[in-house]
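# Coordinate inspection notes
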Amino acid sequence: MKRRSILKSAAAAVALSAMAAGSAWAENPTLKIGFVGVTSGPAAAWGISNQRSMEARAAWINETGGYTIGDTTYDIEIVSFDDQKDPKRAIAGMEKMAQEGIHYVVGPNVDDGAAAVRPVAEANGIMYFPYAFPKELYTAPASNAVLGMVANYQSGPAIYKHLMENEGVKTVAFIAANESDPLSQRDGGVAAAEALGLEVVSSNVTYQVDTTDFTPVLTPVLRTQPDLLVLSGVSPANAPQLIRSARELGYQGLISTETAQDAQVLQEGAGDLANGFISVGGASTPELASDAMREFVQRYTDMFGEYNDESNTKVYALEYILETLKADPAGIDNVDVFKATMDTFEAPNPYMVGDAKLRYVGDSSFGQKRQVAVPLVVNVFQDGTFETLFVAEVD
Amino acid sequence: MLKLSAIQWTGLAVFFLAIFVGVPMMIAATGRTDLFFTLTSVGLLAIASAGVWLTFYIGRINIGQGAFALLGAYVSAILVTKAGMSFWLSLPLAGLFAAFVAVLIGLPILRLRGVYFAMITLVLTQVFTLTALALPITNGAKGITSIPLPGELSILGITLIPDFSTLENPRQAFYFTTAVLMVLTYAALYRIVNSRLGHLCRSMQQNEELASSIGVNISYIRVLIFAISSFFGGIGGAVFGSIAQSVYPSSFQVADSVNFMLNCFLGGLGYVFGPMLGTLVLYFGWDLLFELGKYQMLIYSSLLIFLMLVLPNGLLSLRLPKKGGQDK
Amino acid sequence: MEQILANGVYLGAQYAMIALGLTLIFALMNVLNFAHGQMYVLGGFVTYTFYGQLGFPFVSGLVMSCVTLFILGALIERFLFAPVIKRSSREESTMLLAAGLAFFFDAVILLVFGEKQRGVPKIVNGVFNWDFRLIMPYDRILICVLAILSIASFILFMQYSKTGRALRALAQDRTAAQLMGVNVDRYSMIGFALGAMLAGLVGGLLVTITGVNLGMGGPTSIKAFMMVMIGGAGVISGAIWGGIILGFMEAFGLAYLAQYGDITYLLIFVSLMIFLAIRPQGLMGKPWG
């Protein structure tokens, strides 16, 4: 495992300045990519799966000789900052990235952090890839944030529509944690469901983030007997318990969420009761994963002991940054070039079989291309693994 | 007027030089502009911690400062975005509103002592977070975003403070704002501690019944102190909201309330400047350990435990006698 | 209604057990143990490792949780809290130590057990279903019974054993207990260890139902604080009542206030504050803790 030392970052700084001076260098110069997110405390799982996918990918690149952008081959270094899910710390983290001369940052993981770092990112010319859904982050005049995944107001309608057509779903109930991100996602989900003509039978019930027993929470929701129960913005820790409680209370309908989940966590926490649970994932199901995806999973597992399925969607941000820089090397220290490149950028998606493309989308949601086109893979959990339910595209 | 010894005057002069001249020069020389925000954070958190320290002074463990910081942040944000008020006017109003709410809440709960008061204030932080999530005026879960930077402050056409959005480096402007606010806060704190009020507080800290029996109006004093404390919290929170240009229900939460209290413990409860030093060490300590990656939290908490073992009465218990802070 | 009562009993029993350990530590040493929730999580992870990962019987996992936390608690009291309490001028200073410990445990748990939610195989399968009026999975019923049994045996232990009597004497009046020949240092250590052990035991029991993750610690501590406040700080019976009351408040609140969604907990918290403002020492606490 890589541990940064002061010495090493000093060396990297020297390398960078040497490169800037245009002198030839025997060793690869280093390209630093930042990560600002939560890697400790209750929500650690979100940030750690981000950070580890970036580190696993960077180690892979460096081991195979580096990443060539323009005429230079770089070693990739990931600089991570733990914001402890505190927006005040997130600002400090973004300032630190600016200080390190970093222009491309992945994170933060939550709404409040993403909103708080915006002034810093815009003042210092940093493009950042948050995992937060508020539209105003990506809609003009904001221009430095790129949504790093599929938003729930995009995946939700696709899932509901699919279930209406194939499973005959007519009524839907929502339940969310009493916290900014899940509540916003619930509101988005309710709006989407109503637009599709679904009857929303319950959407008021919320639970505290620290709830450990969901039976009393779920009882009134299930009394409305919905065909579909949506767990809005559910954290991977709560999902298995919610599913288990719902099933033990005798609920027979479908359960879905619009966030990424981990198969092993579901298996340990809910076992067979989780069968049929619908969630959004990346491209690691056997039908879709390319050799590159399988190698990534293998390298991740070797490096950190176990894989986290949340990384299926989180592997993409770094890939997008590097590929876009490759498309126009001038973007390396000039985000305006990067932004211009985004409009036309297109490259093959290495992690998925077939001819899927990496490109920026978001015109219909944000009025500008400020979202990475992650394949919208809707999974269904079955006996410990995810199976692909359907694949859709976001525009 | 205050009577300070020569050595205290010197200390004060050095401190002023350091924060108003030394720090900006050092940052300019090293190019570490990220330190502006880090130090601004320290200053703002130190302002809120000063309030917590003041409630300690009347023998109350306050784990509710996060609530008032959140309140201040929201009041300022709402006044600026919805009423179009100048930030500079909303700032004192945020503090005053926090103080007003503190009076209402303080009247019943200040009768509690010891861990009971500590716990009820802890619950208070959660109550404020949940209220912010439920109310329409706070925009609920979506928070208030895109708050404009502080505008120009001018009196009779003379610009006292320029519009922050026209500045080349608003971070630096926030730093100076915070530095001034922090100096004012601690001057006020020092003044209170060395006044008759401070004397009464100390007698309450020792024994409320006794203080009451010799004619001290204890319920008036503790509400007054709690209001001043919350005023500081509101100010700190309001400036934070302006820097982040956004306020969410989670902007200040229980963890912040606990941290404010820890700042006071770490600095030392017997010293006016304790919370300032405590905040600096706790906040900066985390930042300095940034290089340790995944061991950051482990080392940070180990150091905290070790510090407590060595200096159970706070960092300032190390100090040379008669310098800087004020003991009883 | 039956369902709400059953939920209340189940929640109340587990809450009461968490609160017991916290209040014991508080009664003996006036330490508000911010790390209590983390000890609970640690207990859960120990059972997870022995029962879920290594395949030992569930009971041995529970025993290991108890033993581990007992030893850990004893060491923490002996080498951290005791020296700090002796040397600090205000006993509240231990709060910083306790918070430091909480951070420390969080860091250790993250490094050792990882960031993911963990769970173990169910100990009993099946669901008790009385005509959809009362639904309770069998494993919940079992855990609930075990929790009540543990609470009962703890009370018996405190009432009738020599150690229990010494601990109660210590909680009542430290100086008097010392004069009566109670070895204060030794029993403080045992008391702290017992408190930690209780936390570990609940963690081990509940891991079968709720699973365990590193984020559960802090919120659990706060919940435990609230129960202790309701019942009265430092009083054993108070902690049990506090746990049961909070359990029932949640069960009823969630059932009847569900349609108002976001404000269920707001109301619980506000009513708690009003209750404490009216009755500052909780249900049965000593006036000023």
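The structure we're discussing is the one just above.
Residues numbered from 1 in each chain as written. Chains lettered and ligands numbered in written order. Predicted model: local features only at pLDDT ≥ 70, side-chain atom pairs only at ≥ 80, totals over all residues.

### Focus on the overall build of chain C
Counted only if it meets this: Secondary structure elements are taken from DSSP: a helix is a run of H or I of four residues or more, a strand is a run of E of two residues or more, and numbering for both begins at the N terminus. With the radius of gyration taken over C-alpha atoms, the globule rule is written as 2.2 Å times the number of residues to the power 0.38. Working definition of burial: number of other C-beta atoms within 10 Å of the residue's own, with buried at 20 or more, exposed at 12 or fewer, and partly exposed in between, all C-beta atoms being placed from the backbone. Contact between two residues is assigned when their C-beta atoms, built from the backbone, lie within 7 Å.
Helix and strand counts for chain C come out as 11 helices and 2 strands. Mapped from its N terminus to its C terminus, chain C presents α and β elements in the order α-α-α-α-β-β-α-α-α-α-α-α-α. Relative to a compact globule of 289 residues, whose C-alpha radius of gyration would be 19 Å, chain C shows 19 Å and is just as compact. By its C-alpha atoms, chain C is 60 × 50 × 35 Å across when sized along the principal axes. Taken across its 289 residues, chain C has 61% of its residues classed as buried. Pairs at least 24 apart in sequence give 76% of the contacts found in chain C among residues at least 6 apart.

### Regarding the overall build of chain A
A count of helices and strands for chain A gives 14 helices and 16 strands. At 21 Å, chain A has a C-alpha radius of gyration in line with the 21 Å of a compact globule built from 395 residues. Dimensions along the principal axes, computed over C-alpha positions, put chain A at roughly 70 × 45 × 40 Å. Counting across all 395 residues of chain A, residues that qualify as buried make up 59%.

### So, the sheet that holds strand β12 (residues 346-348) of chain A
Residue and element names in this part refer to chain A. Selection criterion: Two strands make a pair as long as DSSP finds a minimum of two bridges between them.
The strand order across the open sheet built from 3 strands is β12-β13-β14, with neighbouring strands paired in antiparallel fashion. Two strands bound the open sheet, and with one partner strand each, they are β12 and β14 (371-372). Pairing of β12 with strand β13 (residues 357-361), which is carried by 3 bridges, proceeds in the antiparallel orientation. Paired with A347 across the two strands is L358, which belongs to β13.

### Some points on the environment of A224 of chain C
Residues and elements named next belong to chain C. Turning to its location among the elements, A224 is positioned in helix α9 (residues 217-231). Residues A224 and E91, 133 residues apart in the sequence, show an inter-C-alpha distance of 21 Å. Among residues more than four places away in sequence, those in contact with A224 are I18, A19, L22, H36 and G37.

### Some remarks on helix α5 (residues 138-160) of chain C
All names here are of chain C. Basically, it comes down to this: A helix is expected to span 1.5 Å multiplied by its residue count minus one.
Between the first and last C-alpha of α5 there are 33 Å, a value that for 23 residues agrees with the 33 Å anticipated at 1.5 Å per step. Turning to α5, its buried residues number three or more, namely R140, I143, C144, A147, S150 and F154. Where α5 is buried, its residues meet α1 (2-29), β2 (134-137) and α8 (184-210).

### Topic: the interface of chain C and chain A
Selection rule: Note that Gly is not counted as nonpolar here; it falls among the polar residues with everything else outside the nonpolar set of Ala, Val, Leu, Ile, Met, Phe, Trp, Tyr, Cys and Pro and the charged set of Asp, Glu, Lys and Arg.
The interface of chain C with chain A comprises 35 residues on the first partner and 33 residues on the second. Every element with two or more residues in the side of chain C that touches chain A is listed here: α1, α4 (94-113), β1 (127-130), β2, α8, α9 and α10 (236-256) of chain C. With 4 residues, the top contributor of residues to the side of chain C that touches chain A is α10 of chain C. Partitioned by chemical class, the residues of the side of chain C that touches chain A number 16 nonpolar, 12 polar and 7 charged.

### Topic: helix α6 (residues 162-172) of chain C
Side chains of residues three or four places apart in an α-helix project in the same direction, reflecting 3.6 residues per turn. All names here are of chain C. Just so we agree on the cut-off: Comment: arc refers to directions from the helix axis out to C-beta atoms.
Burial in α6 covers these residues: A166, L167, L170 and A171. Burial along α6 is one-sided: seen end-on, the buried residues are contained in an arc of 135°. α6 presents K162 and Q172 as exposed residues on the side facing more than 90 degrees away from its buried surface. Contacts made by the buried residues of α6 are with α1, α5, α7 (174-179) and α8.

### What to know about the interface of chain B and chain C
One frequent convention defines the size of an interface as the accessible area lost when the parts assemble. Tallying the contact residues gives 39 residues for chain B and 40 residues for chain C. Of all the secondary structure elements, the ones that give two or more residues to the side of chain B that touches chain C are α4 (87-109), α5 (114-134), α10 (254-267) and α12 (296-310) of chain B. At 15 residues, α5 of chain B tops the list of elements feeding residues into the side of chain B that touches chain C. Classifying every residue of the side of chain B that touches chain C by side-chain character gives 31 nonpolar, 6 polar and 2 charged.

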